[in-house]
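Architecture at a glance
Residue-level listing of the chains:
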Amino acid sequence: MIMLTPSFGVFQCAEELFLREQACRIQLKEFARKNAANALSMANMVMGMISILCSLEGHWYAACWLVLIGYLLDLADGAVARQLDACSALGAKLDDFADFTTFGIATALLLRTGSLMDNVLCMCYVLSVFTRLCFFSSGIPFMYQGLPCPYASAILACTSLLSGGNMLVLRVTAVAMIFFMVNQGFYPHDRVLESQAWKKAVYAGGVAMVFCSSFPPACIYYLLWSVSYILFPTTLWSCKM
């Protein structure tokens, strides 16, 4: 008969505990891999919701910068999902919800005043973002149909910051952005973090500008970035290497 000594029992328990902890670590890593991009989309949505609250409280400067932070997060979530091979139907829906919150509702509230016409413009902007997200699918690889709403929102937020919230300038800009989003023109996929090194440097510069947000001209960086996407979409921003 084989007798199990106390020391053998302790060793067996320690081994089981080690294997259990190792399995737990593997599960946590897999969970993090699958949900890293979703976490960025959620962060984008949170930025949009906080921006909405800031707009309602009259803190338009903070509301604009929160939209711009959402712009950076939106560019990152798709890249992270593809890099980690974690693309999913849930992630795509979550990304659309985040985009609608930040680049639809939160951005439209930058146009809100007590005027009926301005409020109608807000609703038109939200509807144009909704239309762009739901119905515009080019069917062409590496191409969008209609200006992606993050770029329209970045331009509107930067215009608000640079003009001091001048409503005349914002109205003209909003109408132009609505036109670009719904005119069904073609724009290349902007995989900034998966393309040439200089595009990654542009993104890094955008992150740096967030820390310079107290310096008013910092938003000019985002304005030039977004306008260049409209003016030179294929020449500069095509995702093909």
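This text follows the structure it describes.
Below, the structure is looked at part by part. Worth saying up front: this structure is predicted, and the values here are computed from it rather than measured.

Notes on the pattern of salt bridges
Under the definition given, this model contains two salt bridges. Of the charged contacts, one joins Glu 194 and Arg 82 as a salt bridge, the two residues approaching to 2.7 Å between their closest N and O atoms. Of this pair, Glu 194 sits in the loop between β2 (186–188) and α7 (197–210) while Arg 82 is found in helix α2 (residues 60–83), placing the two residues 112 residues apart along the sequence. Judged by its relative accessible area of 27%, Glu 194 is partly exposed. Linking Asp 118 and Arg 171 is a salt bridge whose minimum nitrogen-to-oxygen distance equals 2.6 Å. Of this pair, Asp 118 sits in helix α4 (residues 116–135) while Arg 171 sits in helix α6 (residues 167–182), and the two are 53 residues apart along the sequence.

Description of the packing of aromatic side chains
Counted by the stated rule, this structure contains 14 aromatic pairs. Plain terms: the ring middles of Trp 60 and Tyr 61 are 5.9 Å apart, the flat faces sit at 75° to each other, and that makes the pair edge-to-face. You can call Trp 60 partly exposed: its relative accessible area is 34%. Aromatic side chains Tyr 151 and Tyr 229 sit 4.1 Å apart centroid to centroid with 5° between the ring planes, which places their arrangement in the stacked category. Residue Tyr 151 is found in helix α5 (residues 149–163), and its partner Tyr 229 is found in helix α8 (residues 219–231); the two are separated by 78 residues along the sequence. Here Tyr 151 falls in the buried class, since its relative accessible area comes to 1%.

Basis of the calculations
- Residues numbered from 1 in each chain as written.
- Predicted model: local features only at pLDDT ≥ 70, side-chain atom pairs only at ≥ 80, totals over all residues.
- Heavy atoms only, no water.
- Salt bridge = Lys/Arg side-chain N within 4 Å of Asp/Glu carboxyl O.
- Helix = DSSP H or I, 4+ residues; strand = E, 2+ residues; numbered from the N terminus.
- Buried < 20%, exposed > 50% of the residue type's maximum accessible area, 1.4 Å probe, protein only.
- Phe/Tyr/Trp six-rings, centres within 6.5 Å; stacked < 30°, edge-to-face > 60°.

Purely geometric numbers; function is a separate question.
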